[in-house]
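Report on the structure
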Amino acid sequence: MAGLHLHLHLQTNLSRSSSPRPPSAYQPTTTLLNPTRNAPYWDSIYSDIHTHLKQSIPIREPATVYEPMHHLTFALPIATASALCVAACEAVGGHRDDSIVAASAIHLMHTTIHTHDNLLLSGKKISEPVSEISHKFSPGIELMTGDGILPFGFELLAGAVVNENDNDNSEKILKVVIEISRAMGAQGMINGGDDETSDEVGSDQWRGQPTRQLHGCGAACGAIMGGGSTEEIEQLRRFGVFVGKIQGVLSGKGGSGGGEMGLVEKWRGLAMKELGCFDSKRVEQISSIVNVLCD
């Protein structure tokens, strides 16, 4: 896995900084819509991902690099796409520990996207109006740190290859790297990975919002790490895409008219259909996200 040994290079001049603070318990600092936080199963996933990220991104020297990285990573609640990664892994018979690194990397991708979309730049329209994230650092620092968080996500994945002779795990990690690279690449950034939604809801409302691409990516990555078959991976990918569509509409990003709510019910049915071939007991938990979001 020599090709996966990526290195993070972050060098910034921080105009203002504060002393490091000890890690706190998991308490999201925003009000971004995420009804799954009221469900014990999903709460446990968010907590596990948060704990892993705390261990992976401590505030250490040089503080000018790691303090803004730490702040931006934990300013957002753990993304639903990351939780889907863990749930998909368990749905195909994998263990939660198998997917925590991939889920953490996906959250870092979400952090990068959100940081870029919400820079305090004159004349720039904030893409997520419900965000209440404080801008502790200057736009230049946030921009540069956001750019550095992305490769750090891949570095986390590379570090998960403990034994390079373990070909099975190395192959899974490589597949996950490819999945995330595609989601964060040009096509994902331009289309949001959601051409069908653009046709149904209106392209202007959905373009430029690549976080939706991460839902399908997250579910696929979890299935990969859990040892799912090709068919299972693709079914869970489609399930994740529908979850992303539903959450996008319900969070107000894609509109809130009656037509959109009709699409939510349509996507809900299609999402559940993707799980039809799975063992009902295995997918009981992951399927609950659709009901939690819609009810």
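Residues numbered from 1 in each chain as written. Predicted model: local features only at pLDDT ≥ 70, side-chain atom pairs only at ≥ 80, totals over all residues. Heavy atoms only, no water.

Any two aromatic rings considered together are summarised by their centre-to-centre distance and by the angle between their planes. Per the counting criterion, the structure on display carries one aromatic pair. With centroids separated by 5.2 Å and ring planes inclined at 80 degrees, the aromatic side chains of Tyr 41 and Trp 42 adopt a geometry described as edge-to-face. Residues Tyr 41 and Trp 42 agree in their burial class; the two are buried. Above the plane of the ring of Phe 74 lies Lys 54, whose end atom (NZ or CZ) is 4.5 Å from the centre. (Phe/Tyr/Trp six-rings, centres within 6.5 Å; stacked < 30°, edge-to-face > 60°. Buried < 20%, exposed > 50% of the residue type's maximum accessible area, 1.4 Å probe, protein only. Lys NZ or Arg CZ within 6 Å of the ring centre and 35° of its normal.)

Moving on, we come to the nonpolar core. Trp 42, Leu 157, Ile 180, Leu 236, Phe 239 and Ile 286 are the most contacted members of the largest nonpolar core, which totals 71 residues. Once residues lying within four places of it in the same chain are set aside, the contact partners of Ile 180 are Ala 105, Ile 106, Met 109, Phe 154, Leu 157, Cys 217 and Cys 221. (Core = buried A, V, L, I, M, F, W, Y, C linked by side-chain atoms within 4.5 Å. Contact = heavy atoms within 4.5 Å.)

Next up on the list: helix α2 (residues 63-75). Over its 13 residues, α2 extends 17 Å from the first C-alpha to the last, a length consistent with the 18 Å expected when each residue adds 1.5 Å. Of all 13 residues making up α2, twelve are buried, and the element is well covered by its neighbours. Taken residue by residue, α2 has Ala 63, Val 65, Tyr 66, Glu 67, Pro 68, Met 69, His 70, His 71, Leu 72, Thr 73, Phe 74 and Ala 75 as its buried positions. Here the buried face of α2 lies against α1 (40-56), α4 (96-117) and α5 (139-159). (Helix = DSSP H or I, 4+ residues; strand = E, 2+ residues; numbered from the N terminus. Expected span 1.5 Å × (residues − 1).)

Another aspect to go through is unusual backbone geometry. With the exception of glycine, most residues fall at negative phi, and the peptide bonds are largely trans. Omega for the bond connecting Glu 61 with Pro 62 falls within 30 degrees of zero, at -5 degrees, which places this linkage in the cis form. Within the secondary structure, Pro 62 is located in the loop between α1 and α2.

What follows covers the confidence of the model for the protein chain. Of the residues in the protein chain, 68% have a pLDDT of 70 or more, and the chain-wide mean is 75. For the protein chain, helix α9 (residues 203-206) is the element with the lowest average pLDDT, namely 40, and helix α3 (residues 80-91) is the one with the highest, namely 96. Across residues 126-130, confidence stays below pLDDT 50; counting only partners more than four residues off in sequence or on other chains, it has eleven contacts. Predicted confidence for residues 193-199 stays below pLDDT 50, and this span has 14 contacts to residues more than four positions away or in other chains. (pLDDT = per-residue confidence, 0-100.)

Our focus in this paragraph is the side chain of Gln 235. Among the secondary structure elements, Gln 235 is positioned in helix α11 (residues 230-250). Among the residues examined, Gln 235 registers a relative accessible area of 7% and is labelled buried. In this structure, Gln 235 is in contact with Glu 274, Cys 277 and Phe 278, ignoring residues within four places of it in sequence.

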